[in-house]
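Examining the three-dimensional arrangement
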Amino acid sequence: MIFGRVRSLERQRTAAADKTPPGPLRDYLLTPLPEPSTPVESLPLLAIDIETTGLDTSRDHVLAIGWIPVDGEVIDLAGARRVVLRADAEVGQSATIHGLTDDDLAEGVPPVEALGEVLQALAGRVLLAHHASIETDFLAAACRRAFGVPLLTTSVDTLALQHRLVTEGVGAVAEPRPGALRLWAARERYGLPRYRAHEPLTDALACAELYLAQTAELSLRSRKPLTLRAVRST
């Protein structure tokens, strides 16, 4: 089933590339994704976190993006990047969450340029995020607005992995306690430090560290090598 889903996704990506003008999104779509059989020890991922004006992809805007590559079991700090977008919007009440100001946006990079950087970094990698649907949905909407074609990708969601870890195996609970799946609560399970929240690069790093801890635990539980097939969410 998963092989069929991946082949279907690759067909969709190829078809979308045919409709996409030359540039970063077309290049990204024409770069194959890792195979489902890729072991997590050699899996290339890109941990991403975005800050937005809200949660409605049709109305709200991406304000900042942070990302950092993960090559197998290694976080590549040299590839870390944070960009603030020159969004056509005001931060409004969202400033109380992420701390960005309208002056920060005025000095940001154009959205198309920022997307181009993200797509170049994401090419050939699996998108990694905590509650990944927020990142995939907003980036898809941003690509559709900028290039006329949505982002078609595959992802690993550390929130979904955390739900699996606490609801399966020894000591499992039927339902996690409220808040137990949030990024910082999930990190506490592994004794990982608490960083400043809602800073996109810091959150991307926090997600990457959590992923490595989660896959280490899943590998110990598994009787066979852990692969992308076993951890992917989309």
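We now turn to the structure provided with this report. (Residues numbered from 1 in each chain as written. Predicted model: local features only at pLDDT ≥ 70, side-chain atom pairs only at ≥ 80, totals over all residues. Heavy atoms only, no water.)

**Describing a negative patch on the surface**
Together, Glu90, Asp102, Asp103, Asp104 and Glu107 make up a region of like negative charge exposed at the surface. Within the secondary structure, Asp104 sits in helix α4 (residues 102-106). Assessed through its relative accessible area of 31%, Asp104 is described here as partly exposed. (Patch = residues over 30% accessible without salt bridge, like charges linked within 9 Å, V, L, I, M, F, W, Y side chains within 5 Å. Areas by Shrake-Rupley, 256 points an atom, 1.4 Å probe, with all protein chains shown as cover. Salt bridge = Lys/Arg side-chain N within 4 Å of Asp/Glu carboxyl O. Lys, Arg positive; Asp, Glu negative; His and termini not counted. Charge placed at Lys NZ, Arg CZ, Asp CG, Glu CD. Helix = DSSP H or I, 4+ residues; strand = E, 2+ residues; numbered from the N terminus. Buried < 20%, exposed > 50% of the residue type's maximum accessible area, 1.4 Å probe, protein only.)

**Let's talk about the pattern of salt bridges**
A side chain with one charge can pair with a side chain of the opposite charge if their charged atoms come near. By the definition in use, this model includes seven salt bridges. Where Glu209 meets Arg187, a salt bridge forms, and the shortest distance between an N and an O atom there is 2.9 Å. Highlighted residues: Glu209 in helix α9 (residues 200-221) and Arg187 in helix α8 (residues 183-188), separated in sequence by 22 residues. In this structure Glu209 comes out as buried when scored by relative accessible area, which is 19%. With a closest N to O distance of 2.7 Å, Glu217 and Arg189 form a salt bridge. One end of the pair, Glu217, is in helix α9; the other, Arg189, is in the loop between α8 and α9, and 28 residues separate them in sequence. The structure contains a network of salt bridges with shared partners spanning Arg189, Glu217 and Arg221.

Read these as spatial facts, not as claims about activity.
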